Amino acid sequence: MEIVIGAPVSVGPPPKKGPGSGPGIVEAKILNVRPPRRRPGKPPGGQKDRRGGQMNLDPVGGRVLVLLVPEGHNLPKDIDSGDYRIFVRFAPRRK
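This section reports on the structure supplied with the text.

Reading guide: rules and limits
- Residues numbered from 1 in each chain as written.
- Predicted model: local features only at pLDDT ≥ 70, side-chain atom pairs only at ≥ 80, totals over all residues.
- Heavy atoms only, no water.
- Helix = DSSP H or I, 4+ residues; strand = E, 2+ residues; numbered from the N terminus.
- Buried < 20%, exposed > 50% of the residue type's maximum accessible area, 1.4 Å probe, protein only.
- Contact = heavy atoms within 4.5 Å.
- Areas by Shrake-Rupley, 256 points an atom, 1.4 Å probe, with all protein chains shown as cover.

### Remarks on the overall build of the protein chain
The helix and strand inventory of the protein chain stands at zero helices and two strands. Out of the 95 residues in the protein chain, the part that is buried amounts to 1%. Summarising the internal contacts of the protein chain: among those between residues at least 6 apart in sequence, 64% fall at separations of at least 24. Within the structure as shown, the protein chain displays about 9600 Å² of accessible surface, and the carbon and sulfur contribution to it stands at 55%.

### Focus on the environment of Ile 86
Topologically, Ile 86 is positioned in the segment after strand 2 (64-68). Residue class for Ile 86 comes out exposed when judged on its relative accessible area of 64%. Separated by 62 residues in the primary sequence, Ile 86 and Gly 24 place their C-alpha atoms 9.8 Å from one another.

### Some details on the environment of Glu 27
For Glu 27, the location among the structural elements is in the segment before strand 1 (29-34). Here the alpha-carbon distance between Glu 27 and Leu 67, two residues 40 residues apart in the chain, equals 9.7 Å.

In structure tokens:
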């Protein structure tokens, strides 16, 4: 994944303005940003590993964003299925 912040505007007709400018475009608010989960180490001496299965690890160097989508009805009903690719575009907030 590549995120470019402050890149020059591409050549061509101006893009449509506003959060609902196209199909599948949803505006969100960032609630929290945190580093990735640490890789699991060995359990404390003599204890069994209490985790029930393989844990999905966050990629090294990644960051976890917690987003709030105020208009949740714009999200697909089966968003939790994992069958979607999500692209993030950062735009400055106009005051």
